[in-house]
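Take a look at the letters that make up each chain.
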Amino acid sequence: MDNYIINLDTLFIESVSKEKIKIYDKNGLYEVKKSMLKLLEESCNYYGSSFKGRCVGAKSMLNMNYKLPIIVDEVKEVILIPTSSIKNNNCIWICINNIEDYYKNNNEITIEFINQTKIDFKISYNILENQIFRGTMLLNRLKRRKNAIENR
């Protein structure tokens, strides 16, 4: 596949190499020949912003600098959280909208998505929980701002 735009069906995205990624979607698994950053940039552009703009916005809304979640699609409120620094090639981006549950499973974390797919991740429980918290805070602040605009 050459093109994919991150959307509400996206579960998570991981790098295979510098120029190849795997996208886990409610409808299947896709391999795309492009870098993670290129996919994030193209998806943010599609919804009317840039990846850098989304990062600046998240930084402003959360008053944080590191491992920022981003709003990919403001209208449908699609929020992605990184599992590590975005400079790390092993960084996985998870769509918090589709997380049903998560729990420790030996030395891994199992995330159950809303389509009942269960995937094991080699990340710390505390890091995942912190990232979900940040993503949820970002989503709540986005909703509050949208509601404030609607109620003027």
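Preceding this paragraph is the structure being described.
Just so you know, these numbers come straight off a predicted model, no measurement behind them.

So, how was this worked out
Residues numbered from 1 in each chain as written. Predicted model: local features only at pLDDT ≥ 70, side-chain atom pairs only at ≥ 80, totals over all residues. Heavy atoms only, no water. Helix = DSSP H or I, 4+ residues; strand = E, 2+ residues; numbered from the N terminus. Rg over C-alpha atoms; globule rule 2.2 N^0.38 Å. Buried < 20%, exposed > 50% of the residue type's maximum accessible area, 1.4 Å probe, protein only. Pairing = 2+ DSSP bridges. Disulfide = S-S within 2.5 Å. 1 Å grid on protein atoms, 1.4 Å probe; cavity = no way out; pocket = protein on both sides within 12 Å on 5 of 7 lines; lining within 4 Å. Points joined across faces, edges and corners; volume = space filled by probe spheres on them. Nonpolar A, V, L, I, M, F, W, Y, C, P; charged D, E, K, R; others polar. Salt bridge = Lys/Arg side-chain N within 4 Å of Asp/Glu carboxyl O. Core = buried A, V, L, I, M, F, W, Y, C linked by side-chain atoms within 4.5 Å. Contact = heavy atoms within 4.5 Å.

(A) Region of the structure containing the overall build of the protein chain. Each helix and strand in the protein chain was counted, giving three helices and nine strands. Reading the protein chain from its N end, one meets helices and strands in the order β-β-β-α-α-β-β-β-β-β-β-α. Whereas a compact globule of 152 residues would reach a radius of gyration of roughly 15 Å, the protein chain reaches 15 Å, a difference of no more than 12%. For the protein chain, the spread of C-alpha atoms along the principal axes amounts to about 50 × 35 × 30 Å.

(B) Structural detail: the pairing of strand β8 (residues 108–113). Most of β8 sits inside the fold, with five of its six residues counted as buried. In terms of strand pairing, strand β7 (residues 99–105) meets β8 through six bridges, oriented antiparallel. Among the inter-strand pairings, N105 is bridged to a residue of β8, identified as E108. Hairpin geometry of β7 and β8 is characterised by an intervening segment of two residues between the two adjacent antiparallel strands and by a positive phi of about 60 degrees at N106. In this structure, β8 lies alongside strand β9 (residues 118–121), joined through four bridges in antiparallel fashion. Residue E112 lies in a different strand from β9, and its bridge partner there is K118.

(C) Expanded view of the pairing of strand β2 (residues 20–25). With six bridges joining them, strand β1 (residues 10–17) and β2 adopt antiparallel strand pairing. The residue bridging S15 from the neighbouring strand is I21, located in β2. One ladder, built from five bridges, connects β2 with strand β3 (residues 28–32); its direction is antiparallel. Bridge pairing links I21 to V32 in β3. Hairpin connection of β2 to β3: two residues between the antiparallel strands.

(D) Expanded view of the state of the cysteines. According to the stated counting rule, one finds zero disulfides in the structure shown. Free of any disulfide, C44 has its nearest cysteine sulfur in C55, 7.4 Å distant.

(E) Spotlight on the layout of surface pockets. Its volume calculated, the largest pocket comes out at about 240 Å³. If you trace the largest pocket, you find 13 residues lining it, with M36, L37, I86, K87 and N89 closest to the centre. Counting only elements with at least two residues in the lining of the largest pocket, the list comes to β1 and α1 (36–46). Residue composition of the lining of the largest pocket, by class: six nonpolar, five polar and two charged.

(F) Just the pattern of salt bridges, in detail. Enumeration according to the criterion identifies seven salt bridges in this entry. One salt bridge connects K26 with D9, and the closest N-O pair in it is separated by 3.9 Å. Note that K26 is positioned in the loop between β2 and β3 and D9 in the segment before β1, a separation of 17 residues in sequence. In this structure, E31 engages K20 in a salt bridge whose closest nitrogen and oxygen atoms are separated by 2.9 Å.

(G) Spotlight on the nonpolar core. Counting 27 residues, the largest nonpolar core has F12, I94, I99, I111, F113, F121 and L128 as its most contacted members. For this core, the elements supplying multiple residues, two or more each, are β1, α2 (51–62), β5 (78–82), β7, β8 and α3 (125–150). In terms of residue count, the dominant contributor to this core is α3 (six residues). Sequence-distant contacts of F121, that is, excluding residues within four places in its chain, are made with F12, I92, I94, E108, I109, I111 and F113. In terms of nonpolar packing, the next biggest core, distinct from the first, is built from 19 residues, L40, L80, C91 and W93 among them.

Any functional reading would require information beyond the geometric quantities listed.
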